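Close look at the chain arrangement
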Amino acid sequence: MLRNYWYIACATPQVQGRPQAAQVLDQALVIFRDAAGQPHALLDRCCHRGVELSLGEVVENTLTCRYHGWRFDGDGHCVHIPSLTAERHIPNGCQVPSLLCREQDGYVWVWMGQDGAEPPEPPRLPGFEQYQWLQGSQPWQCASLLALQNGIDWCHPAFVHQGIHAQSRAVQARGLHETAYEMRLLGEGLEVFALPAAASDARIPEQASTVLRFELPDRVLVHWPQQDERVILHFVPTGHRTCRHEWLYHGAGMRGVGVTWSEAEPEVMAQDREIVESAQRSYDAYGDAFEHSVEADAATLMLRRIVALAAEGRWEGERGALRQRRVVPVRS
């Protein structure tokens, strides 16, 4: 698990009057707002008897445990114990661990770093303030890495999303044909895009029909420039074999700016989830020794390598030694 990064704890609409439980990496957290509307993140565990604080409520600017009414401020300090008599004081050390928390671009973010260094601000979401978005969240029963791989996998849409994805419709109309995608390393990850029909040496993603971008630790951006359609996906790890899918979607015809919350899972994303959760069950049962890869898998294999290097703290130092650009022939 990559720890020295910002992760989404929850979407802004999910934390209003009541506290919101949020699993991030291997930590169960609770998010709540103080009287000024500022979000705070604490470990979801009362320091008295371990009850989840997300079962409680926000009272007088504090988070109150449902079990015995102990109250905690935004830094996790216990500020009130109802059972104490007038002459008694709150014992030393009555505190719940807190995490650095920021609200930005429609989400509440938490810093999961453990090295004590002052972190940068959360990474901005490109175009967030320029477009109208649908926003949603679903748990996925698979490792975050599998979901990220699927997000930049070039060849699956024709088969997984038959009839509802542009690539699938194109294949149905004219069949599979030989083409190529270009893969480029970025400072924060990897970009993959379709080569235009009349590609020049100065190929740029803005000319492409499809652009896929992976950014550490858990983000995939999908953009169809010619259709004014874009998706921002985060696959927040919630365990070694589970993740939480946070998504934003902007489509052609969506006017204005702002965010609308949706409880419905888009059909394309539900299809991806079904496929990747199926793969997870195979890895759980058999490990990964059964795997065989082909040239078209170059992007997903590079994503794995980037994540592995980042997990070992070697990405920043070694990314320059990797192949920076590659054109990958495929049939799609």
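Residues numbered from 1 in each chain as written. Predicted model: local features only at pLDDT ≥ 70, side-chain atom pairs only at ≥ 80, totals over all residues. Heavy atoms only, no water.

**Considering the overall build of the protein chain**
Check the secondary structure of the protein chain and you find 6 helices and 20 strands. In terms of overall dimensions, the protein chain has C-alpha extents of about 80 × 45 × 35 Å along its principal axes. Looking at the protein chain as a whole, 47% of its 332 residues qualify as buried. In the protein chain, of all internal contacts separated by at least 6 residues, the share reaching a separation of at least 24 is 58%. For the protein chain, the computed accessible surface area is about 16500 Å², with 49% contributed by carbon and sulfur atoms. In the protein chain, 30 positive and 41 negative side-chain charges are present, and the distance between their average locations comes to 2 Å. (Helix = DSSP H or I, 4+ residues; strand = E, 2+ residues; numbered from the N terminus. Buried < 20%, exposed > 50% of the residue type's maximum accessible area, 1.4 Å probe, protein only. Contact = heavy atoms within 4.5 Å. Areas by Shrake-Rupley, 256 points an atom, 1.4 Å probe, with all protein chains shown as cover. Lys, Arg positive; Asp, Glu negative; His and termini not counted. Charge placed at Lys NZ, Arg CZ, Asp CG, Glu CD.)

**Observations regarding the nonpolar core**
Counting 83 residues, the largest nonpolar core has Val24, Ile31, Tyr181, Leu190 and Phe214 as its most contacted members. Counting residues per element, this core draws most heavily on helix 5 (residues 298-311), which supplies 8 residues. In this structure, valine 24 is in contact with Tyr7, Ile8, Ala9, Leu29, Val110, Met112, Val236, Pro237 and Arg244, ignoring residues within four places of it in sequence. Within the second largest apolar cluster, 5 residues are counted, among which are Ala180, Phe193, Leu195 and Val211. (Core = buried A, V, L, I, M, F, W, Y, C linked by side-chain atoms within 4.5 Å.)

**A closer look at the environment of proline 217**
Take proline 217: it is sitting in the loop between strand 15 (211-215) and strand 16 (219-224). Taking the C-alpha atoms as reference points, proline 217 and glutamate 188, 29 residues apart in sequence, are found 8.6 Å from one another. Excluding its chain neighbours within four sequence positions, the residues that come into contact with proline 217 are Leu2, Tyr5, Trp6, Tyr7 and Leu148.

**Some remarks on the pattern of salt bridges**
Pairing is possible between side chains that carry opposite charge, provided their charged atoms lie close to one another. Applying the stated rule across the entire model yields 21 salt bridges. Arginine 184 serves as the salt-bridge partner of glutamate 182, at 2.7 Å between the closest nitrogen and oxygen. Pair check on accessibility: glutamate 182 and arginine 184 agree, each one buried. The shortest N-O distance in the salt bridge between aspartate 284 and arginine 241 comes to 2.8 Å. With aspartate 284 in helix 4 (residues 267-286) and arginine 241 in the loop between strand 17 (229-237) and strand 18 (243-250), this residue pair connects regions lying 43 residues apart in the sequence. Relative accessible area serves as the criterion here: at 42%, aspartate 284 is assigned to the partly exposed category. (Salt bridge = Lys/Arg side-chain N within 4 Å of Asp/Glu carboxyl O.)

**Overview of the pairing of strand 3 (residues 27-33)**
Among the 7 residues that make up strand 3, 5 are buried, leaving the element largely enclosed by the rest of the structure. Alignment of strand 2 (residues 20-24) against strand 3, held across 5 bridges, turns out to be antiparallel. Bridge pairing links glutamine 23 to alanine 28 in strand 3. Taken together, strand 2 and the strand that follows it, strand 3, pair antiparallel across an intervening segment of 2 residues, in which leucine 25 is found at a positive phi of about 55°. Where strand 3 lies against strand 4 (residues 39-43), 5 bridges are found, and the strand directions are antiparallel. Directly across from valine 30, in strand 4, lies its bridge partner leucine 42. (Pairing = 2+ DSSP bridges.)

**Remarks on the environment of proline 13**
With respect to the helices, strands and loops of the structure, proline 13 is situated in the loop between strand 1 (6-11) and strand 2. Taking the relative accessible area as the measure of exposure, proline 13 reaches 36% and is therefore partly exposed. Each C-alpha atom of the pair proline 13 and valine 160 lies 31 Å from the other, and the pair is 147 residues apart in sequence.

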